[in-house]
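Notes for the structure review
For reference, the chains in residue letters:
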Number of protein chains: 4
Amino acid sequence: MDILDQYKEVRTYTEQICKPLQTEDYVVQVAEFASPAKWQLAHSSWFFETFVLLPHLPDYKLFNKDFPYLFNSYYNNAGNRVLRAKRGNLTRPTTDEVSAYRQYVDTAMWQLLHQKLDADIVQLVTLGLHHEQQHQELLLSDIKYMFGQNPLFPAYDSDTSLLDQERNIETGSVKIPEGVYTIGYQGDGFCFDNELGVHKVYLHDFEIQKGLVTNGEYLEFIEAGGYTDFNLWLDEGWSWLKQNQVSMPLYWHEVDGQWMHYTLKGFQKINENDILKHLSFYEAMAFAEWKGMRLPTEFEWEIASGQLNWGQRWEWTNSAYLPYPGFKKADGAIGEYNGKFMINQMVLRGASMATSPKHSRPTYRNFFHPNAQWQFTGIRLAK
Amino acid sequence: MDILDQYKEVRTYTEQICKPLQTEDYVVQVAEFASPAKWQLAHSSWFFETFVLLPHLPDYKLFNKDFPYLFNSYYNNAGNRVLRAKRGNLTRPTTDEVSAYRQYVDTAMWQLLHQKLDADIVQLVTLGLHHEQQHQELLLSDIKYMFGQNPLFPAYDSDTSLLDQERNIETGSVKIPEGVYTIGYQGDGFCFDNELGVHKVYLHDFEIQKGLVTNGEYLEFIEAGGYTDFNLWLDEGWSWLKQNQVSMPLYWHEVDGQWMHYTLKGFQKINENDILKHLSFYEAMAFAEWKGMRLPTEFEWEIASGQLNWGQRWEWTNSAYLPYPGFKKADGAIGEYNGKFMINQMVLRGASMATSPKHSRPTYRNFFHPNAQWQFTGIRLAK
Amino acid sequence: MDILDQYKEVRTYTEQICKPLQTEDYVVQVAEFASPAKWQLAHSSWFFETFVLLPHLPDYKLFNKDFPYLFNSYYNNAGNRVLRAKRGNLTRPTTDEVSAYRQYVDTAMWQLLHQKLDADIVQLVTLGLHHEQQHQELLLSDIKYMFGQNPLFPAYDSDTSLLDQERNIETGSVKIPEGVYTIGYQGDGFCFDNELGVHKVYLHDFEIQKGLVTNGEYLEFIEAGGYTDFNLWLDEGWSWLKQNQVSMPLYWHEVDGQWMHYTLKGFQKINENDILKHLSFYEAMAFAEWKGMRLPTEFEWEIASGQLNWGQRWEWTNSAYLPYPGFKKADGAIGEYNGKFMINQMVLRGASMATSPKHSRPTYRNFFHPNAQWQFTGIRLAK
Amino acid sequence: MDILDQYKEVRTYTEQICKPLQTEDYVVQVAEFASPAKWQLAHSSWFFETFVLLPHLPDYKLFNKDFPYLFNSYYNNAGNRVLRAKRGNLTRPTTDEVSAYRQYVDTAMWQLLHQKLDADIVQLVTLGLHHEQQHQELLLSDIKYMFGQNPLFPAYDSDTSLLDQERNIETGSVKIPEGVYTIGYQGDGFCFDNELGVHKVYLHDFEIQKGLVTNGEYLEFIEAGGYTDFNLWLDEGWSWLKQNQVSMPLYWHEVDGQWMHYTLKGFQKINENDILKHLSFYEAMAFAEWKGMRLPTEFEWEIASGQLNWGQRWEWTNSAYLPYPGFKKADGAIGEYNGKFMINQMVLRGASMATSPKHSRPTYRNFFHPNAQWQFTGIRLAK
């Protein structure tokens, strides 16, 4: 598929995600880590405007001189910006004005993409599309978080088949023998800079499960007192649990003795056979400890991934997010994409049912702080 | 005007205030002290539903069983409620659903108000209307605060003549002789419980200005270093100023050496002859100190009010909000209206250009914490 | 008694208070509102050094050039200072060095006080002595707070007769008729600036109790659910109670069904006949509400005081700490003594068993924030 | 040396460290991460009492039944404890009482250690001694922090030769070739559980410097604007710098254009040839970025360590503190020693001039949060 078709496909998919929303749903920021849908729609357009159109489309004019300030996320090199925690205060520009902004950028991008392009421009556009795909997943998790905090528990879309990958396809485990293995992206398609620095690692014998932990298995942990036994928890995990009075995964509720959870289809009974989701790293570690097992490292995961059915949950690993040997960040604002976050975050591998089509790879390194629950995270055990 | 006509008039005025808003503008809560327009529209209807319709209209059915939880403000006796700081998280019910709620309540109220009513029901409805008028003023101040934080500074209504009372009508001062005076509401119309407890006070000779402090006078204070001389400030005022880096009234900006401010008509040049607005009590006290004068007490204000043109700004007094002798709060939830706030707040007297028609009296006691700036507050000096 | 003898008497009394302390007890700051004993010993000497010796004793040399920075409390006009919350970090100068500082100042003061002095110097010295007496009371309350937080509950002095005023001498009530009364200090001895501005007030009929509320009466309130009924509490009082999980007065503990409290003599059984102490204004208000009575205003208290046995507890009034008509603060640093605290604090009248001899007057206005519990506060009811 | 002699040697050294302290210096807790000397003296004795004497010395009686509560640090399995942030509030027991406690424990330990002992008891005692050695280093860093915050900058010991290792012995670099290497403690002496799990790693070619970064080199970084260029910093490092207004290493001050720093010998001029100390991981990373180099991983460091002169600074590595393959924590309270801290901390390798004699090994893994500055940390660059 050529770059113009890719562009159209990705941009259209963003709008599909937003279709079930009411105007009100575009505006609000429920938590600092989540962003309003309206902001994300504008921000992903700002990315193309700032990094592609302004430098590469002659005579391109900004849609609105204030938008770069409003819709820059964290690129210090690209100028000042609205504080992350204040994105939800912006009722203007309205959703309609943001739609007009998207169309304006699309028109300019089509004009550009019809031309014969240098490889480095294609590369920038490709990065912009992968950036937008990351925001597609964030849109879904942020919308879920917003609705999940509303006492009315509104359904995002009660008929969606989008999010049906709830069961394990396989059980049992995979054994990998000790040896030297190669890590990192070696293909010639797109990857993020943090996957580069192909290098060797030495892995010892390990065994990794084919299935992810289910709601039923996790209920056993809860009922066995998993949230009250400090010996199972990392010290900061125990503090987090105490301070936030956590006693079950995000979106779970016990109502009159019945386990329920908020889903994108509404408030539903928990099915014990479904794959567990929405846990912090702390919870994943405590569960593994209770099982007498452990989380895999990101390297073990990558090597085993060829023998696993993955893609339903982002899977916590017990690897900190750090640079590979030889990691080099790009020059300028694009260099802020990944490297500066390499502290205090843990790596997740795989992809989730909310990940956009064509946006997953065995070498993909996702990363979040250990207390993050609102992504579609899960647990795969190893030993 | 009979109670049904009053009801229609007040309820209609609320909707007029909201007319210039876009759907997005109804949703957001920019600060804990401000509430979303949508919430206020629903809350003022909830007040009638809870305190009038449920107890007094036979067979009245709740519009929605979850709304009491969503739209109760602070009435502990009326059940649980969404935390004040979380009102802005509710994208649902939508603005349209809230409009339907208002109409549903209005229909039921009309049905009730067509009947012959006991005096105590009329009294409750009247309280509900004055409550709604208080929210009309809050709607305007909260909308202004929301737009004033938006870097785009959107105008609320650029043609409005609503808010034009910007000039002093008189100057000079009024002298009041020492003696015993009577304080409190003595009429037979509506007043709040905190105005009752008519009682005598002894006032010493004092003099109070007919005009309010203007932008120009306050600019002199700024330029004389008023915000940098701790001797002018209350100790907690100085801490507030330091911690929040305050150096001018709310909505003021110095842009390229030009003094500008955000107004409901948009971002405009400050006119030195206009009456100053949007100051905290701390700023009012520091200004008075710098002038070698003082703020009046609420009793001085009330006694002098007959000789003053007032109603353009809420005027800070140096009286703490405390009960009058013989103050008695009502039974039940209505008793939570005023009495429980009688600590750490200062009394404001008068009314502002944002106050609803027919909603001011010389005995009216408004009250805010000394750091509040977002109301249409001003300064009247005494000595 | 001449000023030199007064000086010796007050300064000696400070050291008597400290006699039961170990070196370790002089250093620590357990809460921001409390100060280390060592700091208070130095600060009260700094007051004489700064405001009396430096300006009035020729050739006086600072004991240590860093001490003014270390031991200034809140006088912005007297230079920079260590932040209040950091006073407990200063292990040096040692207690011995602070004693040497006191002696150095004393020697210089004796030298000065042997001379014939201008009235304004005598007045400054007198202010310094009253200032030191205020710190004597703070020393006792801060020491009690420090020991009361220590799980070992060390006794300050198990043999002390200092603090024995625990019983009501009288019961019944005093009735005061409506009329115009005069408030403020009219003698020719010492008083603080906030007692001046003698003025008239109009009081309505009221009745005030001769006895203070006892532990036994307060236990009834606790057992009747006083701490769980929000209708009894000011709104901010209820928040304070919830946030700090308050369910009894400071220093009270329920141990195996037995009511105990920490006292300066150690951990003891609560005696129901003793006068209640260590409550916040919020608790005093809730108790009065529960009793169907109220707290007196500071004016009522002052007028009734001639007919009351007072001096065992500081008594909360329902008057905010505000200036009297005609209040004028002194020039310079001394002017920061009182006026700048006239916001968000409530007036207490009387004196407590921890108040220094000769340091109480019917017109004395003490003041604290409504959440303060660590002073020897009590409740006198009125209606 | 037998275990009794080792015990005496280590316990005596603790007291030597405290010799220059005044009584006041034992009490205070200046920051949550630091502990009072008195607390540390008691806590290291509590360790022996709880884990060695109570279970293994028949008829041993607790010195004081409250001390376990007071002096437990973080061992949930060993019962309740005083909150970490409140250790500085305990003026009692006094320093003398804590000395008596130490002697009481020593006497009992000598009694026990004179007997023929099972290997597992010797192992526990050895762990207790290494634990005490860790506190010896903490004593020095905490004392330095306490004095360094005091505006008087008191010297800990102006004659000490304890802390003289300030210069690099070598310069140049070491090159290590690509290959499989073995990591972890393989000797038969003592090591912590986190050094076990000997395992292989694959290292790529790297080069590591023989000398540590000096004050002079770091001054160049400061003067080149290192603290103002966000491109050099990790995102959370930049937030940390902004929030804490950091613009130089801990203890540095610029006084009248002269670079000074607080040292254990007092306030001194900075010597440019001395090795830099007291930086956070964030500062170390930013400096390395500015140099176009990087920090080594802990594995690179361990493999190169045989060819390096180390032991002057704890050296930050760019490795997160995580378990080695096969890591197993001990049963019971001792199991809380290391494993539960394996999140959000970075590994430091080496040892510092404040590390106790015989308390360093090439496999030793120290760990701190990336913002920690108060340890004697330094920078070794790699590429």
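Residues numbered from 1 in each chain as written. Chains lettered and ligands numbered in written order. Predicted model: local features only at pLDDT ≥ 70, side-chain atom pairs only at ≥ 80, totals over all residues. Heavy atoms only, no water.

1. Quick word on the relation of the copies chain A and chain D
- Overlay of chain A on chain D (RMSD 0.0 Å): rotation 180°, translation along the axis 0.0 Å. Such a turn and shift between the copies fits a two-fold axis.
- Residue by residue, 100% of the interface of chain A is reproduced at the interface of chain D, so both copies engage with the same surface. (Least-squares fit on C-alpha atoms with pLDDT ≥ 70 in both. Contact = heavy atoms within 4.5 Å.)

2. Some points on the sheet that holds strand β6 (residues 258-263) of chain D
All names here are of chain D.
- Taken in spatial order, the 3 strands of this open sheet run β5-β6-β7, and their pairing is antiparallel. Strands at the two margins of the open sheet, each flanked by one partner only, are β5 (252-255) and β7 (266-269). Strand-to-strand twist in this sheet, taken as the mean axis angle between neighbours without regard to direction, amounts to 35°. (Pairing = 2+ DSSP bridges. Helix = DSSP H or I, 4+ residues; strand = E, 2+ residues; numbered from the N terminus. Axes fitted to C-alpha atoms, helices over the stretch in contact; angles between N-to-C directions.)

3. Description of the interface of chain D and chain C
- Listed as interface residues are 29 residues of chain D and, on the opposing side, 29 residues of chain C.
- Buried surface at the junction of chain D and chain C, both sides included, amounts to about 2,300 Å², of which 63% is carbon and sulfur.
- Considering only the surface of chain D that becomes buried against chain C, Glu24(D), Arg92(D) and Leu152(D) emerge as the three largest contributors, covering 31% of it.
- Scanning the region where chain D abuts chain C turns up 2 salt bridges.
- Inspection of the chain D/chain C interface yields 8 residue pairs in polar contact (both at pLDDT 80 or more).
- Sorting the residues of the side of chain D that touches chain C by element identifies α3 (67-71), α4 (95-113) and α5 (119-149) of chain D as the ones contributing at least two each. (Buried area = accessible area lost by both parts, 1.4 Å probe. Salt bridge = Lys/Arg side-chain N within 4 Å of Asp/Glu carboxyl O. Polar contact = N/O pair within 3.5 Å; in protein donor to acceptor, adjacent residues only side chain to side chain.)

4. Comments concerning the interface of chain A and chain D
- Chain A puts 34 residues into the contact, and the matching count from chain D is 34 residues.
- For the pairing of chain A and chain D, the buried interface totals around 2,800 Å² over both sides, and the portion due to carbon and sulfur atoms is 55%.
- For the pair chain A and chain D, the number of links is 6 salt bridges.
- Lys340(A) is paired through a salt bridge with Asp235(D); the nearest N and O atoms lie 3.9 Å apart.
- Our count for the contact surface shared by chain A and chain D stands at 14 residue pairs in polar contact (both at pLDDT 80 or more).
- Those elements that provide at least two residues to the side of chain A that touches chain D are β3 (199-203), α7 (235-243), α8 (281-291) and β8 (314-320) of chain A.
- Here the side of chain A that touches chain D takes 4 residues from β3(A), the largest share from any one element.
- Here the residues of the side of chain A that touches chain D sort into 16 nonpolar, 10 polar and 8 charged. (Nonpolar A, V, L, I, M, F, W, Y, C, P; charged D, E, K, R; others polar.)

5. Here we look at the pairing of strand β7 (residues 266-269) of chain C
Residue and element names in this part refer to chain C.
- Pairing of strand β6 (residues 258-263) with β7 involves 4 bridges; the strand directions are antiparallel. Along β7, the bridge assignment pairs Thr263 with Gly266.
- Between β6 and β7, which pair antiparallel and follow one another directly, the connecting turn spans 2 residues.

6. With respect to the domain arrangement of chain A
Residues and elements named next belong to chain A.
- The domains assigned to chain A are domain 1 (3-149) and domain 2 (173-378).
- Using C-alpha coordinates to define each centre, domain 1 is positioned 27 Å away from domain 2.
- Taken together, the 26 residues of domain 1 in the interface contact 29 residues of domain 2.
- Our count for the contact surface shared by domain 1 and domain 2 stands at 1 salt bridge.
- With a shortest N-O distance of 3.2 Å, Glu9 and Lys358 are connected by a salt bridge.
- By residue number, the principal contributor to the side of domain 1 that touches domain 2 is helix α5 (residues 119-149), which donates 17 residues.
- Within the side of domain 1 that touches domain 2, the residues separate by chemical class into 12 nonpolar, 10 polar and 4 charged. (Domains from an automatic or database assignment.)

7. Details of the packing of helix α1 (residues 3-18) of chain C against helix α5 (residues 119-149) of chain C
Residue and element names in this part refer to chain C.
- Taken N-terminus to C-terminus, the directions of α1 and α5 make an angle of 15°; their axes are 10 Å apart at the nearest point. With respect to their mutual orientation, α1 and α5 come out roughly parallel. As for the relative orientation of α1 and α5, their crossing is left-handed in sense. The residues of α5 that touch α1, namely those facing Ile3, Gln6, Tyr7, Val10, Arg11, Tyr13, Thr14, Ile17 and Cys18, are Val122, Val125, Thr126, Leu129, Glu132, Gln133, Gln136, Leu139 and Leu140. (Parallel < 35°, antiparallel > 145°, perpendicular 65-115°, else oblique. Left-handed = near helix turned anticlockwise from the far one by under 90°.)

8. Comments concerning the relation of the copies chain D and chain C
- Each copy of the sequence occupies a distinct position, and chain D is placed on chain C by a rotation of 180° and an axial shift of 0.1 Å, giving an RMSD of 0.0 Å.
- The residues that chain D uses at the interface reappear at the interface of chain C in 100% of cases, marking a shared surface.

9. Brief notes about the pattern of salt bridges
- All told, the structure shown has 80 salt bridges over all chains when counted by the stated rule.
- What emerges from the salt-bridge pattern is a single network uniting Arg11(A), Glu15(A), Arg102(A), Asp106(A) and Glu132(A).

10. Describing the sheet that holds strand β8 (residues 314-320) of chain D
Residue and element names in this part refer to chain D.
- The sheet built from 4 strands is open, its strands ordered β10-β9-β8-β11 with mixed pairing. Bordering the open sheet on either side are β10 (366-368) and β11 (377-378), each of which pairs with just one other strand.
- Relative to strand β9 (residues 346-350), β8 runs antiparallel, the two sharing 4 bridges. In the sheet register, Glu315 faces β9, and the bridge partner there is Arg349.

11. As for the packing of aromatic side chains
- According to the stated counting rule, one finds 168 aromatic pairs over all chains in the structure shown.
- Judged by centre distance (6.3 Å) and plane angle (75°), the ring pair of Tyr218(C) and Tyr227(C) falls under edge-to-face. This pair shows no difference in class: Tyr218(C) is buried, exactly as Tyr227(C) is.
- Both rings, one in Phe33(D) and one in Tyr145(D), keep their centres 5.0 Å apart while their planes meet at 65°; by these two values the pair is edge-to-face. With Phe33(D) in the loop between α1 (3-18) and α2 (37-56) and Tyr145(D) in helix α5, this pair connects stretches of sequence that are 112 residues apart.
- For Phe33(D), a relative accessible area of 32% corresponds to the partly exposed category.
- Taken together, the aromatic side chains of Tyr7(A), Trp46(A), Phe47(A), Phe48(A), Phe51(A), Tyr74(A), Tyr75(A), Tyr321(A), Phe341(A) and Phe367(A) make up a single cluster linked through ring pairs.
- The ring centre of Trp110(A) lies 5.6 Å from the NZ or CZ of Lys8(A), which sits over that ring. (Phe/Tyr/Trp six-rings, centres within 6.5 Å; stacked < 30°, edge-to-face > 60°. Buried < 20%, exposed > 50% of the residue type's maximum accessible area, 1.4 Å probe, protein only. Lys NZ or Arg CZ within 6 Å of the ring centre and 35° of its normal.)

12. Here we look at the environment of Met260(C)
Residues and elements named next belong to chain C.
- In this fold, Met260 is placed in strand β6.
- When the C-alpha atoms of Met260 and Ile270 are compared, they prove to be 5.1 Å apart, with 10 residues separating the residues in sequence.
- The residues contacting Met260, other than those within four sequence positions of it, are Tyr251, Trp252, His253, Val255, Phe267, Gln268, Lys269 and Ile270.

13. Quick notes on the UniProt feature "domain: Sulfatase-modifying factor enzyme-like" (unreviewed entry) in chain A
- Following the UniProt record, the feature "domain: Sulfatase-modifying factor enzyme-like" (unreviewed entry) maps to residues 171-320 of chain A here.
- Summarising residues 171-320 of chain A: 24% helix, 26% strand, and an end-to-end C-alpha distance of 27 Å. (UniProt positions renumbered as here; feature names shortened; annotations may be inferred.)

14. What to know about the environment of Gly311(C)
All names here are of chain C.
- Examined against the element boundaries, Gly311 turns out to sit in the loop between α9 (298-304) and β8 (314-320).
- Between the C-alpha atoms of Gly311 and Gly350, which are 39 residues apart in sequence, the distance is 5.4 Å.
- With near-sequence residues (within four places) excluded, Gly311 lies in contact with Gln165, Ala351, Ser352 and Met353.

15. A word on the arrangement of the chains
- In this structure chain A stays clear of chain C, and the shortest span between their C-alpha atoms is 14 Å.
- The two units chain B and chain D remain apart, with a minimum C-alpha distance of 13 Å.

16. Digging into the confidence of the model for chain A
- Overall, the prediction assigns chain A a mean pLDDT of 95, with 99% of residues at 70 or greater.
- Taken over the whole predicted complex, pTM reads 0.96, whereas the ipTM for its chain interfaces reads 0.96. (pLDDT = per-residue confidence, 0-100.)

17. Details of the side chain of Ser35(A)
Residues and elements named next belong to chain A.
- Within the secondary structure, Ser35 is located in the loop between α1 (3-18) and α2 (37-56).
- Residue classification places Ser35 among the buried positions, given a relative accessible area of 7%.
- At a separation of 2.7 Å, a polar atom in the side chain of Ser35 contacts the side chain of Arg87.
- Beyond its immediate stretch of four places on either side in the chain, Ser35 contacts Gln29, Gln40, Arg84, Arg87 and Asp142.

18. Points about unusual backbone geometry
Residues and elements named next belong to chain C.
- Residues Arg92 and Pro93 are joined by a peptide bond in cis, for which omega reads -5°.
- By secondary structure assignment, the location of Pro93 is in the loop between α3 (67-71) and α4 (95-113).
- Although it is not a glycine, Gln245 sits at a positive phi angle of roughly 50°.
- Although it is not a glycine, Tyr251 adopts a positive phi angle of roughly 80°.

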